[in-house]
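# A structural walkthrough
One-letter residues, chain by chain:
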Amino acid sequence: PEGAATLSVIANRGGGAADSVATTIVVTIDATAPAAPTAQLAAGSDSGTVGDNRTNDTTPTITGTGTAGDTIRATLPGGAVLSTTVAANGTWSVTPATALASGANALSVTATDAAGNVSAATALTVTIDTTAPAAPSLTVPEGPTISQAENADGIQVSVTGPYAANDILTVLVTRPDASTTSVS
C-alpha cells in the first residue's frame, strides 16, 4: 500500500542476541501518477488569434501548468524531447532549439513526479504557417475618380481574395492631406 513505511536493519550472529543497534529509515511509497499537465502555445509566440495554436514562429514557446517540482517532458514530432521543471508557482515553458516543420505539429506533454510516476499525456497540436495570404483585390465601384457628392455619401470598397478563416483584412485609406484611416 501507499504511504510511509519504516525499514529497520539489525545484524546478529545468531542465538537471538542482537549484535548491533537497529538502523531505521522511513520511506514513502508513492505509486500515484501526477495529474496531466496543461499545455498551450505561449501568447508571445501566437502570431494570429490567441488560443488557436497557429503561429508563424517556427520555434514557438510552449507553456503550461503542473505540480511544482514535477519534470515536464514535451515530445516533438520526430521524437526530440524538451524537458523542464515546473516552477514553484506551478508554471513551465519550453522552446525548441530547431524549427518545427510547416503545417500541423503534434506534441505530447507528460509530467513525472519525484517518485518517477508519469502522468497521462496531454496532446497539443501547433500549426506552423509561414505562408503570407494572397494579395487582396481592391475595387471601388465609383471608379478611380470620385466626386465630392459620392465622397460625402461614403465610398464603398470591395475586397476579394482567397482567404482562410481568421485571416485579418485591413483597408488603409490615405487622404490627399496624407492623413490615414484604417478599417479591419
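Turning next to the overall build of the chain. Each helix and strand counted, the chain has one helix and 14 strands in total. Buried positions account for 21% of the 184 residues belonging to the chain. The long-range fraction of contacts in the chain, counting pairs at least 24 apart against all pairs at least 6 apart in sequence, stands at 47%. A total of about 11600 Å² of accessible surface is found on the chain, and carbon and sulfur atoms cover 55% of it.

Spatially, the five strands line up as an open sheet ordered β4-β10-β9-β6-β7, and their pairing is mixed. Both edges of this open sheet fall to β4 (54–55) and β7 (81–85), since each of them pairs with a single strand only. Two strands pair when backbone bridges link them, and β4 and strand β10 (residues 122–128) are joined in this way by two bridges, in the parallel orientation. Looking at the pairing, Thr 55 lines up with Ile 128 of β10.

Turning our attention to the side chain of Asp 46. By the element assignment, Asp 46 lies in the loop between β3 (40–41) and β4. For the buried Asp 46, no salt bridge is present, and the opposite-charge side chain at shortest range is Arg 54, 8.1 Å distant. A polar atom in the side chain of Asp 46 sits 3.0 Å from the backbone nitrogen of Gly 51. Not counting residues up to four positions away in its chain, the partners in contact with Asp 46 are Leu 41, Gly 51, Asp 52, Asn 53, Arg 54 and Thr 55.

A few words on the environment of Ala 4. Position of Ala 4 relative to the elements: it lies in strand β1 (residues 3–9). Sequence-wise, Ala 4 and Asp 30 are 26 residues apart; in three dimensions their C-alpha atoms are separated by 9.0 Å. Among residues more than four places away in sequence, those in contact with Ala 4 are Val 26, Val 27 and Thr 28.

Residue placement: Val 140 occurs in the loop between β11 (137–139) and α1 (148–153). What makes Val 140 partly exposed here is its relative accessible area of 29%. Residues Val 140 and Val 157, spaced 17 residues apart in sequence, show a C-alpha to C-alpha distance of 5.0 Å.

The full count for this structure, using the stated rule, is one salt bridge. Arg 54 is the salt-bridge partner of Asp 129, the closest N and O atoms lying 3.1 Å from each other. Taken together, the residues Asp 129 in the loop between β10 and β11 and Arg 54 in strand β4 connect sequence positions 75 residues apart. Residue classification places Asp 129 among the partly exposed residues on the basis of a relative accessible area of 32%.

Another aspect to go through is the sheet that holds β3. Taken in spatial order, the three strands line up as β3-β5-β8 in an open sheet, and their pairing is antiparallel. A strand with exactly one partner marks an edge of an open sheet, and here the two such strands are β3 and β8 (91–94).

Mapping Ser 45 onto the fold places it in the loop between β3 and β4. Ser 45 sits in the buried class, given a relative accessible area of 7%. A distance of 3.5 Å separates the side chain of Ser 45 from the side chain of Asp 57, its partner in a polar contact. In this structure Ser 45 touches Thr 55, Asp 57, Pro 60 and Thr 61, once residues within four positions along its chain are discounted.

The backbone of Asn 53 sits at a positive phi, close to 60 degrees, despite the residue not being glycine. With a relative accessible area of 18%, Asn 53 lands in the buried category.

Regular strands place their side chains on alternate faces of the sheet. Buried residues dominate β10, accounting for five of its seven residues. Examined bridge by bridge, strand β9 (residues 103–112) and β10 share seven bridges and lie antiparallel to one another. In the strand pairing of β10, Gly 103 is matched with Ile 128.

Definitions and cut-offs
- Residues numbered from 1 in each chain as written.
- Predicted model: local features only at pLDDT ≥ 70, side-chain atom pairs only at ≥ 80, totals over all residues.
- Heavy atoms only, no water.
- Helix = DSSP H or I, 4+ residues; strand = E, 2+ residues; numbered from the N terminus.
- Buried < 20%, exposed > 50% of the residue type's maximum accessible area, 1.4 Å probe, protein only.
- Contact = heavy atoms within 4.5 Å.
- Areas by Shrake-Rupley, 256 points an atom, 1.4 Å probe, with all protein chains shown as cover.
- Pairing = 2+ DSSP bridges.
- Lys, Arg positive; Asp, Glu negative; His and termini not counted.
- Salt bridge = Lys/Arg side-chain N within 4 Å of Asp/Glu carboxyl O.
- Polar contact = N/O pair within 3.5 Å; in protein donor to acceptor, adjacent residues only side chain to side chain.

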